[in-house]
Amino acid sequence: MAEKSHPDILYTIVDEAPELASASLLPIIRFFSNAAGVNFGTKDISLAGRIISAFPEQLTKKQRQPDDLANLGEIVKTKNANVIKLPNISASVPQLLSAISELQRQGYKLPNYPDDPKTNEEKEIKARYDAIKGSAVNPVLREGNSDRRAARAVKNHAMANPHSMGTWSHDSKTHVSSMTESDFYSNEKSATIDAGQTGDSKIIFIADDGTVNVLKDNIHLEEGTIVDATFMDSEALRVFLKTQISEAKKQNLLFSVHLKATMMKVSDPIIFGHAVSSFFEKSFQKHNSALEEIGANPNMGLGDILEKITLKPEILRDFEAEMEDGPKMYMVDSDRGITNLHVPSDVIIDASMPALIRAGGKGWGPDGKPSDTNCVIPDNSYAPIYDETIKYFKETGALDPKTSGAVANVGLMAQKAEEYGSHPTTFEIKKKGVVQYVLENGEILHQHRVRTGDIWRASTAKKAAIIDWVNLAITRQQETGSQAIFWLDQNRPHDAELIKYVKPALEHRNLAQNFLIMAPREATRLTLETIRGGQDSIAITGNVLRDYLTDLFPILELGTSAKMLSVVKLLSGGGLFETGAGGSAPKHVQQLNEENHLRWDSLGEFCALGESLNFLAKTNDNPKAAILGAAVETATQEVLRRNKSPSRKVGEEDNRTSHFYFALYWANALSKQTQDLEMSQYFEPIAKNLSENEERILEELMEPQGKEVDLGGYYHTDPIRVRAIMRPSETLNNIIP
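Note that the structure is predicted; figures quoted are calculated from it, not measured.

Calculation rules
Throughout this description, residue numbers start from 1 for each chain and increase along the sequence as written. Local features are withheld for residues below a pLDDT of 70 in this predicted model, meaning they are given only at 70 or higher, and side-chain atom pairs are given and counted only at 80 or more; totals for whole chains, interfaces and linings count all residues. By convention in this description, side-chain values take in all heavy atoms of the structure and omit both hydrogens and water. Strands are runs of DSSP state E lasting at least two residues, helices are runs of H or I lasting at least four, and both sets are numbered from the N terminus onward. Multiplying 1.5 Å by the helix residue count minus one yields the expected span of that helix. Only protein chains enter the accessibility calculation, which uses a 1.4 Å probe; a residue whose area is less than 20% of its type maximum is buried, one above 50% is exposed, and one in between is partly exposed. Working note: the arc is built from the helix axis to C-beta atom directions. Any pair of N or O atoms that falls within 3.5 Å is considered a polar contact. Within protein, one atom must be able to donate a hydrogen and the other to accept it, and sequence-neighbouring residues count only if both atoms are side-chain atoms. For two strands to be treated as a pair, DSSP must find at least two bridges joining them. In this analysis, axes come from line fits to C-alpha atoms, helices being fitted only over the stretch in contact, and the angle between any two N-to-C directions falls in the range 0 to 180 degrees. The term salt bridge refers to a side-chain nitrogen of Lys or Arg lying within 4 Å of a carboxyl oxygen of Asp or Glu. Each angle receives one of four descriptions, namely roughly parallel if under 35 degrees, roughly antiparallel if over 145, roughly perpendicular if within 65 to 115, and oblique otherwise. For this analysis, residues touch if any pair of their heavy atoms sits within 4.5 Å. Basically, the charged four are Asp, Glu, Lys and Arg, the nonpolar ten are Ala, Val, Leu, Ile, Met, Phe, Trp, Tyr, Cys and Pro, and anything else, Gly included, counts as polar. Here a crossing is taken to be left-handed if its near helix is turned anticlockwise relative to the far helix by less than a right angle, and right-handed if that turn runs clockwise.

Before going further, it helps to examine helix 8 (residues 234-250). The terminal C-alpha atoms of helix 8, which comprises 17 residues, lie 24 Å apart, in line with the 24 Å expected from a rise of 1.5 Å per residue. Residues of helix 8 that are buried: Ser234, Leu237, Phe240, Leu241, Gln244, Ile245 and Ala248. Looking straight down helix 8, one finds that the buried residues subtend no more than 135 degrees of arc, so they occupy a single side. Facing away from the buried surface of helix 8 by more than 90 degrees, the exposed residues are Val239 and Lys250. With a side-chain oxygen positioned 2.9 Å from the backbone nitrogen of Glu235, the residue opening helix 8 is Asp233. Asn252 occupies a position one or two residues after helix 8 and carries a positive phi of about 55 degrees.

Structure (structure tokens):
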């Protein structure tokens, strides 16, 4: 449970591997920071923590915990906010159900998730759970725009120690397939609210039979807000999917679907469900009634369906036959038979596509061998960045990490900007009719004619967030002198409205010559050409592209996106320091359970810690914090220079040993600095003690490896067990309690 004090810096309690690593790292951080009078607190934004806080009336007094996410959401709106945010789970429905089940087994009397609520009580329960699933955390905390980049020490280390890259072939058949019409991209409408259009708007649905439904009301719109609306035609989607399934079979390619069912928690699970039911169309048609009766929902994935039909041999045989008859499936885990379609959250586009591209355009097939792949990305809004990347590497060969430049990102994400803030205004249409976006003055801002099953959504980007984003881009370009590109498509309605902000702002400051404005496809190619030449580029993007590019380019440049630093300059004046991606975290936990080896790399945490301390030093006029921050940067460089990052293999150094070396190098740096004699004298014996006991500490940290461990849970672990597993060195614990 998180603390109730008022600390200088807040460190988030999260999930999976990053949270396990915190059990080892956070005691070190607190021990060192206390010497500078810097107090670290925690806030629990984990999936389990959010579930527990949502149902206090169901739990005992001891089990209850406050809504830390809501509290943190208020803190980030204050000028003194200083938050280090680790990656958390953006839960799909299967993950949510699994977490609920685990908590129930642990004695938490939580209600079951009602998939099809009938009573008002069930509807209230579902509403509370739905507020937890998907991207429930980031829109609340990201009250600022993103400045994301690799620290210079990290980039230099990657160039000196390049990761492996797959080989691209000119005749590779791997390609991206997207809809050419009737998708979100082609149906988008956008407008900027003027002074006469402000106020509380609503979204209504007018059925062809004349009935009117209010889908969402009290949507407050301020002057200058960009409002978008669009929809995806479900019939066109199914035609497209069936065509791609057939094409994959014909061309002997793996069939894969790449979505973001976690962040886009309403639209993308529906699209994923269409992919599942299209692949197994004959089985769904033949056994429709029986599948509905047992609650087999394609939106939940093939894995859930197979589990439900285990005792239905006829249905199971038909599914297996259709699997055999269809194209080979892109696999998540070929050894365990886990396909692309098993779980909606298993294949997340910003992790899956860069991994496939890094591997030379190869995905893993059912036979455990790499194969060319049909990468199906139904909506064409952002698919061109992957399509162009694949085409470019077919022409030129793989990027060389030893010589490539770096791509930083300035991302528009403040105040729930763009599609990532669209969850409350996304709807699956129940019958034919018209959806209207109606302003307070009665004006119809947008409207679309839709049919049963279509997916309609609206999103906004607020003026203050946009202006801050442009100013942040200008600052970063002036600080670096790098190539700077606004990734905006003038032919896309939303981007055209953004350009109306960007061009005047640049021209007013006589800076237009320092920036380019390019559609994502063209920007992708130019950026790849730039970094291939060893030069750097700044990608200035909207919220979704920010998410996609801050995985794509780091995975190509560094081998991972977990080592990136994200500084969010909050609109209120505070700071949010994010530590990198957590997409591989489940595999790390699996390895820890089986072998007691945690390969999670805390480099992102080290970088965020240094930035957070430096920020605190400036905002609180705390010179000791500045000394701590500078020493963190020195320690991080030493971890890289001496290759003390975790190994992937059991029996070799892991996350815990990297934390020991980070502590050793941090103590050394503090003992040798000359700005503060008191701090130097304080850390000198600590550094000496750590150094003299290095061999014993390493032995104690390494000895437990190779054995199974029990964390007491996956989503809600036992803190006593975790502490014992993650802090196994008695010698180290005596030096740093």
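Our focus in this paragraph is the sheet that holds strand 19 (residues 455-461). Spatially, the 4 strands line up as an open sheet ordered 6-9-19-16, and their pairing is antiparallel. The sheet is open, and its two edges are formed by strand 6 (189-192) and strand 16 (426-428), each paired on a single side. Each strand axis lies, on average, 10 degrees off the axis of its neighbour in the sheet, ignoring direction. Relative to strand 19, strand 9 (residues 226-232) is paired through 7 bridges, and the arrangement is antiparallel. Residue pairing in the sheet places Val227 in a bridge with Thr460 of strand 19.

This part takes up the pattern of salt bridges. Per the counting criterion, the structure on display carries 44 salt bridges. Across the pair Arg128 and Glu57 runs a salt bridge whose closest N-O atoms are separated by 2.9 Å. With Arg128 in helix 5 (residues 120-130) and Glu57 in the loop between helix 2 (47-54) and helix 3 (68-75), this pair connects stretches of sequence that are 71 residues apart. Overall, the relative accessible area of 26% leaves Arg128 in the partly exposed class. The salt bridge involving Asp116 is made with Lys118; its shortest N-O contact spans 2.8 Å. Here the salt bridges share partners, and the residues they tie into one network are Asp387, Glu388, Lys391, Glu395, Arg521 and Arg525.

Another aspect to go through is the packing of helix 14 (residues 349-358) against helix 15 (residues 383-396). Each pair of packed helices can be described by the angle between their axes along with the distance between the axes. One can describe the packing of helix 14 onto helix 15 by two numbers: an axis separation of 11 Å at closest approach and a directional angle of 10 degrees. Classified by the angle their axes make, helix 14 and helix 15 are roughly parallel. Residues Ile349, Asp350, Met353, Pro354 and Ile357 of helix 14 form the contact with helix 15, whose participating residues are Tyr386, Thr389, Ile390 and Phe393. When its residues are assigned to classes, the contact of helix 14 with helix 15 shows 7 nonpolar, 1 polar and 1 charged.

Direction vectors running N to C along helix 15 and helix 19 (residues 543-557) enclose 20 degrees, while the axes themselves pass 12 Å from each other. Classified by the angle their axes make, helix 15 and helix 19 are roughly parallel. Like other packed secondary-structure pairs, helix 15 and helix 19 cross with a definite hand, here right-handed. Of the residues in helix 19, those in contact with Ile385, Tyr386, Thr389 and Phe393 of helix 15 are Leu545, Tyr548, Leu549, Leu552 and Leu556. For the contact of helix 15 with helix 19, a count of residues per class yields 8 nonpolar, 1 polar and no charged.

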